[in-house]
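# Report on the structure
For reference, the chains in residue letters:
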Amino acid sequence: MSLPITGIETICMPFANIEQQEQSWKDKALGAICFSASLIDMKIEGAAEIPTIYLQAPLLDENETSTEVWLNSLASSQAKPLVNGAKNAIQYRLSDELLFGVITVPENGVLQNAAESAYRQIFALMEEMDYPYIYRFWNYMADINGISHELERYRQFNVGRKNAFLAYATSVGTQLPAACALGLESGPLTIAFLLGRQAPIAVENPRQISAYEYPEEYGPRAPSFSRATLLHTEQNEILFISGTASIVGHLTMHPLDAVAQTNETLENLDAVINEANQMLGEKKFDLRNIYFRVYIRSASDLSLVRNEMERYMGGAVKAVFIQADICRKELLLEIEATAFSPASNHMGAI
Ligand code: 3EB
């Protein structure tokens, strides 16, 4: 059993703020996930060493960009400098404990093959660099509900991803990380991932069938993710919460009803958080203290979704709202987050 990870934190800020940070801060940044309606000017000139995925997705509030930065939270005086690397289409940055990577793969016609290629590259890197555990995947692809080769593109993605998991079963094992999968207007298959050397604990949701056990009516290969992963560090407990939607059992609930879907999604988030709290034997995580990323299919649903979240939580909601497509056509929204204990987490807008 290895020693617990020292610490990791995440913070969300407008893209432009990253360049203005001090070099000592940039030196702690493992990677970043950046959303913006326009990709123009979206290169962090002063921080090119931070592996970043750039996602063309409009924000639905007053900000034009939102960037989630993952930071090694050791005091920089104690920390060894992070190391950058690249392998095939992957760019990564690592500490002794963690590796954050990004990959974009052009489709060349078949999304399934791009997905299998991307995941094989990631798993090969895990073997080579000896970071055997996956904490989180973030998956983005164009036209997620489109159909080609007689199969919905999200389902093709699932086939490619599962094939890669099976091909690397001996090293990756049966562990399934937390994940999200969203559709964008355009762009290549784009994936960010966070790996480590300490085993996380997979958490499932008692209200939902595990996604990896979805029946075949949702595609020939089930999605490869767990509802959440729990990670213990010296500083805190971290819960990586997968994209969560209005699904109970395996069924899509409340098609066409954004308010009811929001309520159902929050019930699901509450349930997975409670499950983690029960595993820890203590109420470490609180739904009302988490910074969420809310993906909404139709921008016109923003106020319905936000109002229902405020009603459910009984007050203000900490969240960024982004326009993106969800992986089932009937789903109007999906919510994801990373929760930190104690409840005073570092995530929030600067
Ligand atoms: C669901 O519960 C909604 O394919 O990686 C959520 C999180 C969803 C991750 C994925 C899909 C994924 O099935 C969709």
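Reading guide: rules and limits
- Residues numbered from 1 in each chain as written.
- Predicted model: local features only at pLDDT ≥ 70, side-chain atom pairs only at ≥ 80, totals over all residues.
- Heavy atoms only, no water.
- Core = buried A, V, L, I, M, F, W, Y, C linked by side-chain atoms within 4.5 Å.
- Buried < 20%, exposed > 50% of the residue type's maximum accessible area, 1.4 Å probe, protein only.
- Helix = DSSP H or I, 4+ residues; strand = E, 2+ residues; numbered from the N terminus.
- Contact = heavy atoms within 4.5 Å.
- Pairing = 2+ DSSP bridges.
- Axes fitted to C-alpha atoms, helices over the stretch in contact; angles between N-to-C directions.
- Salt bridge = Lys/Arg side-chain N within 4 Å of Asp/Glu carboxyl O.
- 1 Å grid on protein atoms, 1.4 Å probe; cavity = no way out; pocket = protein on both sides within 12 Å on 5 of 7 lines; lining within 4 Å.
- Points joined across faces, edges and corners; volume = space filled by probe spheres on them.
- Nonpolar A, V, L, I, M, F, W, Y, C, P; charged D, E, K, R; others polar.
- Near = heavy atom within 4 Å.
- Polar contact = N/O pair within 3.5 Å; in protein donor to acceptor, adjacent residues only side chain to side chain.
- Expected span 1.5 Å × (residues − 1).
- Left-handed = near helix turned anticlockwise from the far one by under 90°.
- Phe/Tyr/Trp six-rings, centres within 6.5 Å; stacked < 30°, edge-to-face > 60°.
- Lys NZ or Arg CZ within 6 Å of the ring centre and 35° of its normal.

Okay, the nonpolar core next. Judged by nonpolar contacts, the single largest core of 75 residues is most densely connected at Ile33, Phe123, Phe137 and Tyr140. Looking at this core element by element, the count peaks at nine residues for helix 3 (residues 111-129). Discounting chain neighbours no more than four positions away, the residues touching Phe137 are Tyr119, Ile122, Phe123, Phe165, Pro177, Ala178, Ala179, Cys180, Ile191, Ala192 and Phe193. In this structure, Leu60, Val203, Ile241 and Leu333 belong to the second largest nonpolar core, which totals 31 residues.

If you trace the six strands from one edge of the open sheet to the other, you get 13-14-15-20-18-19, paired in mixed fashion. In the strand order of this sheet, the two ends are held by strand 13 (201-203) and strand 19 (319-323), each with one partner. When strand polarity is set aside, the average angle formed by the axes of neighbouring strands in this sheet is 15 degrees. Across the face of the sheet, helix 6 (residues 258-280) comes into contact with strand 13, strand 14 (228-232), strand 15 (237-244), strand 18 (292-296) and strand 20 (333-340) while running at roughly 150 degrees to strand 15.

What follows is about the pattern of salt bridges. All chains considered together, the criterion is met by 13 salt bridges. The partner of Asp96 in a salt bridge is Lys80, and the shortest N-O contact between them spans 2.9 Å. Note that Asp96 is positioned in the loop between strand 6 (90-94) and strand 7 (98-105) and Lys80 in the loop between strand 4 (65-72) and strand 5 (83-87), a separation of 16 residues in sequence. By relative accessible area, which is 45% here, Asp96 ends up partly exposed. Classification of Lys80 as exposed rests on a relative accessible area of 58%. The salt bridge partner of Arg136 is Glu336, with a shortest N-O separation of 2.4 Å. Of this pair, Arg136 sits in strand 8 (residues 133-142) while Glu336 is found in strand 20, placing the two residues 200 residues apart along the sequence.

Here the structure, examined in full by the defined rule, presents two cavities of 30 Å³ or more. Each pocket or cavity is described by its volume, and for the second largest cavity that value is around 30 Å³. As for the second largest cavity, its lining consists of Leu287, Arg288, Asn289, Ile290, Phe292, Met313, Ala316, Val317 and Lys318. Tallied by class, the residues present in the lining of the second largest cavity amount to six nonpolar, one polar and two charged.

As a matter of local geometry, the ligand sits amid 14 residues, with Tyr154, Arg161, Tyr214, Arg227 and Cys327 nearest to it. Take Arg161: an N or O atom from its side chain is 2.7 Å from an oxygen atom of the ligand. Between an oxygen atom of the ligand and a side-chain N or O atom of Arg227, the distance comes to 2.8 Å. Those elements that place two or more of their residues in the shell around the ligand are helix 4 (153-167) and strand 11 (178-184). In terms of residues, the shell around the ligand owes the most to one element, strand 11, which gives three residues.

Time to look at helix 6. Here helix 6 spans 33 Å end to end across 23 residues, near enough to the 33 Å set by a 1.5 Å rise per residue. The opening residue of helix 6, the one whose side-chain oxygen lies 3.2 Å from the backbone nitrogen of Val259, is Asp257. One or two residues past the end of helix 6 sits Gly281, with phi positive at roughly 70 degrees.

The next subject is the layout of surface pockets. Empty space within the largest pocket amounts to approximately 390 Å³. As for the largest pocket, its lining consists of 25 residues, and the residues nearest its centre are Tyr154, Ile247, Cys327, Arg328 and Leu331. For the lining of the largest pocket, the elements supplying multiple residues, two or more each, are helix 4, strand 11 and strand 15.

Moving on, we get to the packing of helix 3 against helix 4. Running from N to C, helix 3 and helix 4 point in directions that differ by 35 degrees, and their axes come no closer than 7 Å. In this structure, helix 3 crosses over helix 4, and the sense of that crossing is right-handed. Here helix 3 contributes Leu111, Gln112, Ala115, Glu116, Tyr119, Arg120 and Phe123 to the contact with helix 4, which in turn contributes Arg153, Gln156, Phe157, Val159, Gly160, Arg161, Asn163, Ala164, Phe165 and Ala167. Its residues assigned to classes, the contact of helix 3 with helix 4 shows nine nonpolar, four polar and four charged.

Once that is clear, we can look at the packing of aromatic side chains. Enumeration over the complete set of coordinates arrives at 17 aromatic pairs. Measuring from centroid to centroid gives 5.8 Å for Phe35 and Tyr140, while their planes differ by 80 degrees, and the two rings are edge-to-face. Here Phe35, found in strand 2 (residues 29-36), pairs with Tyr140, found in strand 8; they are 105 residues apart in sequence, far enough to count as distant. The same class applies to Phe35 as to Tyr140, namely buried. A connected cluster of aromatic rings, assembled from ring pairs, spans Tyr119, Phe123, Phe137, Tyr154, Phe157, Phe165, Tyr168 and Phe193. We note Arg197 situated over the ring of Tyr131; from NZ or CZ to the ring centre the distance is 3.9 Å. The aromatic ring of Tyr214 is capped on one face by Arg328, whose charged end is 5.0 Å from the ring centroid.

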